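Architecture and fold: a report
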Amino acid sequence: MKFTDSHCHLDFDELKQDLPNLLAQCKQLGIHRIVVPSIDPSNWQSVLSLANENNSVTVIAALGIHPWFLTELSEQALDDLANLLAQEHSSICAIGEAGIDVPISEQQSNLTKQLHFFDYQLQLAKQYRLPILVHHRRSHQHILALLKQYQLEKSGIIHGFSGSYQQAVDYLDLGFKLGVGGTISYPRAQKTIETIKRLPLNSLVLETDAPAMPLYGFQGKSNTPLQLIKIFEHLVKIRSESAETIAAQLEINNNDLFAR
Ligand SMILES: [Zn+2]
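Residues numbered from 1 in each chain as written. Predicted model: local features only at pLDDT ≥ 70, side-chain atom pairs only at ≥ 80, totals over all residues. Heavy atoms only, no water.

Description of the overall build of the protein
The condition that has to hold: Helix and strand assignments come from DSSP, with helices taken as H or I runs of at least 4 residues and strands as E runs of at least 2, each series counted from the N terminus. Partly exposed describes any residue whose relative accessible area lies between the buried limit of under 20% and the exposed limit of over 50%, with all areas from a 1.4 Å probe on protein chains only and scaled to the type maximum. Throughout, a residue-residue contact means that at least one pair of heavy atoms, one from each residue, lies within 4.5 Å. Only the protein chains shown count as cover for residues, with accessible areas throughout obtained via the Shrake-Rupley method and a probe of 1.4 Å.
When its secondary structure is counted, the protein shows ten helices and eight strands. C-alpha atoms of the protein, sized along the principal axes, occupy 45 × 40 × 35 Å. For the protein, the proportion of its 260 residues judged to be buried stands at 57%. Contacts in the protein between residues far apart in sequence, at least 24 positions, make up 75% of those at least 6 positions apart. If you sum the accessible surface of the protein, you get close to 11,600 Å²; carbon and sulfur atoms cover 49% of it.

If you want it as structure tokens, here you go:
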């Protein structure tokens, strides 16, 4: 069986120290492709150069601005993103990660700026016919409204999906796939587990979000893309199809988004 980690921050310090060794271990486990999202202008070049290196697995670059990291950024960052895409679009396979993370406290809300940055990145995804990797937190309504407006040809992934069945179906109706990660290893995540059990298999992709999002039993430790196999095993327990059927369909789903 072959696997794709559709969301992994390989360029972060925790993972990049011994990257050739880590990627060789991934390959041994059948993890043959890893999508690396960027978070802000400071790591665009490192993500791009990772994807252009001769790695033992296929590394796919996504360029974007994560909603957590836009406080210090001006409009210039969006122009820079557009320029870099224009120059390097043959090496860039997705926009992201981008999205909306609604703060709990209204006082410090930068929601207007987040909406503007997400809207701009959706425009770029549309212009370059790229999928977008979407970060969400307390923001399904905002995100759905914008996705409905843009109707992206290549859709994208709702990264680290958690939510109700109806929210999931709303994304599926727009052609989006849902990123299934370590959340499904947590007994407290019953709502998300029940949702993922009921959804069509052609709507799911796996992700580790390493070094973040450790699985249940690994809390406090740094996550790695090798854990993708454990996430897959949790998914197999939840679903009724065979492991082989699930793995094959997940690969088709990733090819829909990332194969060139
Ligand atoms: Zn991430």
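Focus: the coordination of the zinc ion
Convention followed: Only N, O and S atoms count as donors, using a 2.8 Å limit from the metal and a wider 3.2 Å limit for Na, K and Ca, and since water is excluded some coordination spheres may look unfilled. Tetrahedral means four donors with every angle between 85 and 135 degrees, whereas square planar (four donors) and octahedral (six donors) require angles over 155 degrees between opposite donors and between 65 and 115 for all others; sites fitting neither are termed irregular.
His7 (NE2), His9 (NE2), Glu97 (OE) and Asp209 (OD) make up the full set of protein donors to the zinc ion, lying at 2.2 to 2.5 Å. Coordination at the zinc ion is irregular: its four donor atoms span angles of 82 to 173° at the metal. The sequence motif formed by the donor residues of the zinc ion is H-x1-H-x87-E-x111-D. Separated by 90 residues along the polypeptide, His7 in the loop between β1 (3-5) and α1 (13-16) and Glu97 in strand β4 (residues 92-101) bring together distant segments of the chain. Owing to a relative accessible area of 1%, His7 belongs among the buried residues under this scheme.

Brief notes about the sheet that holds strand β3 (residues 58-63)
The condition that has to hold: Only strands that DSSP links by at least two bridges are regarded as paired with each other. Inter-axis angles, ranging from 0 to 180 degrees, are taken between N-to-C directions of lines fitted to C-alpha atoms, where helices are fitted over the stretch in contact.
If you trace the eight strands from one edge of the open sheet to the other, you get β1-β2-β3-β4-β5-β6-β7-β8, paired in parallel fashion. Edge positions in the open sheet fall to β1 and β8 (204-206), since each of these has one partner strand only. In this sheet, adjacent strand axes meet at a mean angle of 30° when their direction is disregarded. In this structure, strand β5 (residues 132-137) lies alongside strand β6 (residues 156-159), joined through four bridges in parallel fashion. When the sheet's bridge partners are listed, Ile132 is paired in β6 with Gly156.

Focus on the layout of surface pockets
As a reminder, the rule being used: Each cavity reported here is a set of points on a 1 Å grid over the protein atoms alone in which a 1.4 Å probe fits but cannot get out, each pocket an open set with protein on both sides within 12 Å along at least five of seven lines, and each lining residue one with an atom within 4 Å of a point. Grid points are joined across faces, edges and corners, and a volume is the space filled by probe spheres set on the points.
Volume-wise, the largest pocket comes out at about 710 Å³. What lines the largest pocket is a set of 26 residues, among which His135, Arg137, His159, Asp209 and Met213 lie closest to the centre. Residue assignment for the lining of the largest pocket shows that the elements contributing at least two residues are β5 and α8 (190-198). At three residues, the largest contribution of residues to the lining of the largest pocket is made by β5.

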